[in-house]
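Spelled out, the chains give:
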Amino acid sequence: MPIPAALARNLTLPVIGAPMFIVSTPALVIAQCKAGIIGAFPALNARPAEKLDEWLTTIETALAATAQAAPYAVNLIVHPSNERLEADLAQCVAHRVPLVITSLGKPSAIVAAVHGYGGLVFHDVTTVRHAEKALEAGVDGLILVAAGAGGHGGTLSPFALVAEVRRFYDGPLALAGAITQGRQILAVEALGADFAYIGTRFIATQEANASDAYKQAILAAHAEDIVYTPYFTGVPGNYLKSSILAAGLDPAALPSGHGPKLEFTRATEGAKAWRDIWGAGQGVGGIDDIPTTTALIVRLNNERQAARAALCGL
C-alpha cells in the first residue's frame, strides 16, 4: 500500500534507520532525516531518563531548520522489565513524536496514547503470530525482522515472512534483514514491503555513536562471523564473533540460555554485555567503508535507481 502521508514527507528513499542500542543518538537521527530517510533511536539510549526531553528537543529544532527533513521515530521497549516506559511514553506524547516503534511486548497502551495526538505506531515482529497479535493491538504498521537482521533478529526467510503476512494484512510493512545496498532496497519493494529497515550499515558511518573498534570490526566481518544466541539478553540475537572472542568467551560454546549478569561478568573478567558485545547483522560482508550518513544515503539511492534501470532494461 502507499506509505502513510505523515511518513512520506521528504523521503528520498523508502528506508527507516533502525534504532540501535547505544549507536543511535541525535547526531545520527538528524543526519538520516536531513538526508531523506526516517531516523530512529531507542528512548533508552537517552540516559538518565530526563535526557530524553533534551534529545527530542535537539532533534526537533534541527529538523525544523531544514525544509526537506524526513520524519523521525522513537523506539519504546514494551517489556515489563522497562521501568522507564511510562515516563518515556509521556515524553513522546508531549513532543508528538511522528512515529513510535514498539518492541518486545503488547503495544495496546502505547497505540492509544500515540493515536491520541495523531501519531503512528509500528511494531517489530519476528513471527507471523506476533504480527497477528500486534495488529489486534491496533498498530499502524509492522516491522518484519527476518533472518540475518542485527540485534534481536528472527529466523524466518524474508520471502516467507512477507508472503504470509501479506495474506492477511495490506497495511504498511517494513522489512529488516541484511540490507546494506541500494539494490536490496529495491528487492524489499519487489517483495511487497513498503520500507527497508536498515541498522548495521549505519553503524559504520561517521555520525554513529560506536567506537572505532566497533566500526572497524564491522568492516572486517563477513556473514560467517555473526553468532546467533540468546545468551546476552535472553532474546535470540545476532552479534559479532570478534567481540565475543575479545570478551574471553568461546562463540561455539555459549550456553543455550540467558547468562545472568553476574555469571557473564565472572566469565569475562569484568566485560559488560551491553558495552562489549556488539550487535550486527549478516549483511556485514557488504560493508567496506565509513562514510558520512548523507554520502551513504546518496549512494544507496543511486544504487537503487541503477538496479531499477537495469531490471527495466531486461
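Residues numbered from 1 in each chain as written. Predicted model: local features only at pLDDT ≥ 70, side-chain atom pairs only at ≥ 80, totals over all residues. Heavy atoms only, no water.

Enquirer: Can you walk me through the overall build of the protein chain in this structure?
Expert: Looking only at helices and strands, the protein chain has 14 helices and 10 strands in total. By the compact-globule yardstick of 20 Å for 314 residues, the protein chain fits well, its C-alpha radius of gyration being 19 Å. Referenced to the eigenvectors of the C-alpha coordinate spread, the extents of the protein chain come out at roughly 50 × 50 × 40 Å. Looking at the protein chain as a whole, 50% of its 314 residues are labelled buried. On the protein chain, roughly 13,600 Å² of surface is accessible, and the fraction owed to carbon and sulfur atoms is 56%. Charge-centre separation for the protein chain: the mean point of 22 positive side chains lies 2 Å from the mean point of 26 negative side chains. (Helix = DSSP H or I, 4+ residues; strand = E, 2+ residues; numbered from the N terminus. Rg over C-alpha atoms; globule rule 2.2 N^0.38 Å. Buried < 20%, exposed > 50% of the residue type's maximum accessible area, 1.4 Å probe, protein only. Areas by Shrake-Rupley, 256 points an atom, 1.4 Å probe, with all protein chains shown as cover. Lys, Arg positive; Asp, Glu negative; His and termini not counted. Charge placed at Lys NZ, Arg CZ, Asp CG, Glu CD.)

Enquirer: When you look at the sheet that holds strand 2 (residues 39-42) in this model, what are you seeing that I'm missing?
Expert: Two strands in a sheet stick together by hydrogen bonds in their backbones, pointing the same way (parallel) or opposite ways (antiparallel). Ordered by their spatial adjacency, 8 strands build an open sheet running 1-8-7-6-5-4-3-2, and the pairing between neighbours is parallel. The outermost strands of the open sheet, each flanked by one partner alone, are strand 1 (15-17) and strand 2. Shown here is a sheet whose adjacent strand axes are inclined to one another by a mean of 25°, direction ignored. Those strands touched by helix 4 (residues 85-95) are strand 3 (72-77) and strand 4 (99-103), and its axis lies near 160° from that of strand 3. (Pairing = 2+ DSSP bridges. Axes fitted to C-alpha atoms, helices over the stretch in contact; angles between N-to-C directions. Contact = heavy atoms within 4.5 Å.)

Enquirer: Would you mind showing me how to read the environment of Ala8 here?
Expert: As for its position among the elements, Ala8 is in helix 1 (residues 5-8). Linking Ala8 and Gln68, residues 60 residues apart in sequence, is a C-alpha distance of 12 Å.

Enquirer: Would you take a moment to explain the packing of helix 3 (residues 51-64) against helix 4 for this structure?
Expert: Helix-helix packing is characterised by the crossing angle of the two axes and by the distance between the axes. Where helix 3 meets helix 4, the closest approach of the two axes is 10 Å, and the angle between their N-to-C directions is 30°. Compared by their axis directions, helix 3 and helix 4 come out roughly parallel. You can see that helix 3 and helix 4 cross each other, and the crossing is right-handed. Counted together, Leu52, Asp53, Leu56, Thr57 and Glu60 of helix 3 and Asp88, Gln91 and His95 of helix 4 form the full contact between these two elements. (Parallel < 35°, antiparallel > 145°, perpendicular 65-115°, else oblique. Left-handed = near helix turned anticlockwise from the far one by under 90°.)

Enquirer: Which parts of the structure should I look at to understand the pairing of strand 2?
Expert: Residues in a regular strand point their side chains to alternate faces of the sheet. Of the two faces of strand 2, the one holding Gly39 and Phe41 and the one holding Ala40 and Pro42 are both buried throughout. Relative to strand 3, strand 2 runs parallel, the two being bridged by 4 bridges. Note on strand 3: the bridge partner recorded for Pro42 is Asn75. Handedness of the β-α-β unit built from strand 2, helix 3 and strand 3 comes out right-handed. (Right-handed = clockwise from strand over helix to strand, strands pointing away.)

Enquirer: What am I meant to see in the pattern of salt bridges here?
Expert: It is possible for side chains of opposite charge to pair when their charged atoms get near one another. Following the criterion strictly, the structure yields 9 salt bridges and no others. Salt-bridge contacts for Glu189 lead to Arg304; the nearest nitrogen and oxygen are separated by 2.8 Å. Highlighted residues: Glu189 in helix 8 (residues 182-191) and Arg304 in helix 14 (residues 293-313), separated in sequence by 115 residues. In this structure Glu189 comes out as partly exposed when scored by relative accessible area, which is 27%. Asp289 is the partner of Arg201 in a salt bridge, and the nearest nitrogen-oxygen pair spans 3.2 Å. Of this pair, Arg201 sits in helix 9 (residues 200-203) while Asp289 is found in the loop between helix 13 (273-276) and helix 14, placing the two residues 88 residues apart along the sequence. The network of salt bridges with shared partners includes Arg129, Glu132 and Glu136. (Salt bridge = Lys/Arg side-chain N within 4 Å of Asp/Glu carboxyl O.)

Enquirer: How should the side chain of Thr205 be read in this particular structure?
Expert: Looking at the element boundaries, Thr205 is found in the loop between helix 9 and helix 10 (212-220). Ignoring anything within four residues of it in the chain, the contact list for Thr205 reads Leu28, Lys215, Ile290, Pro291, Thr293 and Leu296.

Enquirer: Sorry if this is basic, but what is going on with the packing of aromatic side chains here?
Expert: For any pair of aromatic rings, the description rests on two quantities: the centre-to-centre distance and the angle between the ring planes. Tallying each qualifying case throughout the model produces 5 aromatic pairs. With a centroid separation of 5.2 Å and an interplanar angle of 70°, the aromatic rings of Phe232 and Tyr239 are classed as edge-to-face. We note that Phe232, like Tyr239, is buried. Connected via pairs of aromatic rings, a cluster forms that spans Tyr231, Phe232 and Tyr239. (Phe/Tyr/Trp six-rings, centres within 6.5 Å; stacked < 30°, edge-to-face > 60°.)

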